[in-house]
Each structure stands twice: as C-alpha cells, then as structure tokens.
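Breakdown of the fold
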Amino acid sequence: MKILVVEDEPKTGEYLKQGLIEAGFVVDLARDGIDGLHLGETGEYDLAILDVMLPKLDGWHVLAGLRRAGRDIPVLFLTARDQVEDRVKGLELGADDYLVKPFAFAELLARVRTLLRRGGRAKEADLLRAADLELDLPRRRVTRGGQRIDLTAKEFALLELLLRRRGEVLPRSLIASQVWDMNFDSDTNVIEVAVRRLRAKMDDAFEPKLIRTVRGMGYVLEDDAG
Ligand code: CA
C-alpha cells in the first residue's frame, strides 16, 4: 500500500513518513502543494494525507486537482484549525476524513486503516451475490456455483436490478422503467419472457431457486427462501 503525504513542516512530515513506513506502508513525502499534486497525478497511491496550509498550493487545491485528474483515492486532511468551515469545505471537495493537529500517531494510523478498508469494500461492491450466484459488474460476468452463465445485456441488467434490491418485490412497471426504459404497457409480456429466459439460465438447473414470482405483484430475488 502506497501513501502520499504532503506536509511542509519538516518535523511532522518526517514523523509521519517514518511512522507509516514502520507500519508497513510505502510513503512518498512532498513539502509543498505543487510537488504534492504532481506526485498525486503521476503516481499510483492508495491514499493521500494532506496538510491544509501548504506553500505554493494549499491542501484544498491539491485535493481538487487530484479529483480533476480522476484520482479517486481516499484523502485524509490534517488541519491545525478545528473549524467548521474547514470541515464543510473539505467535505464539499471530497475529503474523506480529518485529523486536527496535534494528533497521536496511533490515531492517524487507525484512520488510515479505516479509510483503506473502506476503499476495499467499495471494490467488493462491484460484486453482487446471492447464495452461490455472483454478478461481477466491471467484468459483466455472471457465475453460479462457479459455472459461467452467458446473459444478454437486458438479462444482465434485469438480474442486476433484482440483486441490488433483493428481498423487495419489484413490480413489472418498475422493472420496465429501470431495465427497458419504457413505461409499463399491460399488453406486453416482454418482462415475463425475459424473466423466464433469465431463470432458465441461472435458476432452473440450480438450488435454491432465487427468483420468485409474486402473483399479481411482480418478482423478487431471495436467497433465504428456504
Ligand atoms: Ca502546514
């Protein structure tokens, strides 16, 4: 795990760098905002720790620059002033956490680990699961019991919707608007047909059955139906 630290006070900067290295991280230390932003834009970091008051470019501008460059890493701010305006401004700019100086290193380390874990969880949210069914969003891939299942784009979208709102009975009208971007037309059996095809691929040959029809209401995906 690689951390970018931008801190102009030499003592604090070294203290942070040393402590984080001892905790097992790889650390780059920049002493002003311009250098910090340059490193952040060009390097691959898992997290950034930014002092607010920095020479050349303050912490807010470094954060804004990182976000503009598409760097979506968690950012922990160090601020000497425990002021509401600072916090609000930082949150609006997309800061993830704050620490008011002076702070104990143990506290900083705890915040860093929490932010990194949160980042890890965000990646896991790319995977939607129910029983042994797994839907991998970035790869557009579905498996059940480890077996690859080929779905059409609409079937994939339908399954994604059911998984995201599992346990909830989804009316056909809602499915129509979310997956087909159309208003419900009582004459159409598009949804019924799509659900049947989807089940044939990911439910019929497996146990437990995950998609259930709720008569007169719609469909629900449940993995605890017993
Ligand atoms: Ca400073």
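Structure first, text after, so check above.
Report follows, based on the coordinates. (Residues numbered from 1 in each chain as written. Predicted model: local features only at pLDDT ≥ 70, side-chain atom pairs only at ≥ 80, totals over all residues. Heavy atoms only, no water.)

1. Structural notes on the overall build of the chain
Helix and strand counts for the chain stand at eight helices and 12 strands. Taken across its 226 residues, the chain has 42% of its residues classed as buried. Roughly 12500 Å² of accessible area belongs to the chain as shown, and the carbon and sulfur atoms make up 49% of that amount. (Helix = DSSP H or I, 4+ residues; strand = E, 2+ residues; numbered from the N terminus. Buried < 20%, exposed > 50% of the residue type's maximum accessible area, 1.4 Å probe, protein only. Areas by Shrake-Rupley, 256 points an atom, 1.4 Å probe, with all protein chains shown as cover.)

2. Brief notes about the coordination of the calcium ion
Looking at the metal site, the calcium ion is ligated by D8 (OD), D51 (OD) and M53 (O), spaced 2.1 to 2.3 Å from it. Of note, the donors binding the calcium ion are all from one chain and are spaced D-x42-D-x1-M. (Donors = N, O, S within 2.8 Å, 3.2 Å for Na, K, Ca; no water.)

3. Digging into the sheet that holds strand 12 (residues 218-221)
With antiparallel pairing, the three strands of this open sheet are ordered in space as 10-12-11. Across the chains shown, the open sheet's two edge strands, defined by having one partner strand only, are strand 10 (170-171) and strand 11 (211-214). Relative to strand 12, strand 11 runs antiparallel, the two sharing four bridges. Across the sheet, the residue bridging to I211 is L221, located in strand 12. Sheet contacts for helix 6 (residues 153-164): strand 10, strand 11 and strand 12; angle to strand 12, the most-contacted strand, approximately 70°. Running at roughly 150° to strand 11, helix 8 (residues 190-202) makes contact with strand 11 and strand 12 of the sheet. (Pairing = 2+ DSSP bridges. Contact = heavy atoms within 4.5 Å. Axes fitted to C-alpha atoms, helices over the stretch in contact; angles between N-to-C directions.)

4. Some thoughts on unusual backbone geometry
The omega torsion across K101 and P102 is -5°, close enough to zero to call that bond cis. Locating P102 in the fold gives a position in the loop between strand 5 (97-100) and helix 5 (105-124). At the junction of E207 and P208, the peptide bond is cis and its omega measures out at -5° in the coordinates. Phi is positive for A131, which is not a glycine, with a value near 45°. Tracing the backbone shows A131 in the loop between strand 6 (127-130) and strand 7 (133-136). Judged by its relative accessible area of 42%, A131 is partly exposed.

5. Considering the sheet that holds strand 4 (residues 75-79)
Strand order across the open sheet formed by five strands is 2-1-3-4-5, with parallel pairing between neighbours. In this open sheet, the two edge strands, each paired with only one partner strand, are strand 2 (26-30) and strand 5. Averaged over neighbouring strand pairs, the angle between their axes works out to 20° when direction is ignored. Note that strand 1 (residues 2-6) and strand 2 share five bridges and pair parallel.

6. A closer look at the environment of M202
Structurally, M202 can be placed in helix 8. Overall, the relative accessible area of 0% leaves M202 in the buried class. Between the C-alpha atom of M202 and that of Q147, which follows or precedes it by 55 residues, the distance is 9.7 Å.

7. Notes on the packing of helix 6 against helix 8
At a minimum axis distance of 10 Å, the contact between helix 6 and helix 8 shows a crossing angle of 85°. In terms of orientation, helix 6 lies roughly perpendicular with respect to helix 8. Contact residues: helix 6 offers E155, L158, L159 and L162, while helix 8 offers A194, V195, R197, L198, K201 and M202. Tallied by class, the residues present in the contact of helix 6 with helix 8 amount to seven nonpolar, no polar and three charged. (Parallel < 35°, antiparallel > 145°, perpendicular 65-115°, else oblique. Nonpolar A, V, L, I, M, F, W, Y, C, P; charged D, E, K, R; others polar.)

8. Digging into the pattern of salt bridges
Any two side chains of opposite charge can pair if their charged atoms end up close together. Under the criterion given, the structure shown has 20 salt bridges. Here K201 makes a salt bridge to E155, at a shortest N to O gap of 2.7 Å. Of the two residues, K201 is situated in helix 8 and E155 in helix 6; the sequence distance between them amounts to 46 residues. Where salt bridges share partners, they join E7, E9, D51 and K101 into one cluster. (Salt bridge = Lys/Arg side-chain N within 4 Å of Asp/Glu carboxyl O.)

9. Here's the deal with the nonpolar core
The biggest cluster of nonpolar side chains holds 28 residues, and the ones touching the most others in it are L159 and I175. Every element with two or more residues in this core is listed here: strand 6, strand 7, helix 6, helix 7 (172-179), helix 8 and strand 12. Contact partners of I175, with chain neighbours within four places excluded, come to L158, L161, L170, W180, I191 and Y219. Ranked by size, the runner-up nonpolar core spans 19 residues in total, among them L29, I49, L76 and F105. (Core = buried A, V, L, I, M, F, W, Y, C linked by side-chain atoms within 4.5 Å.)

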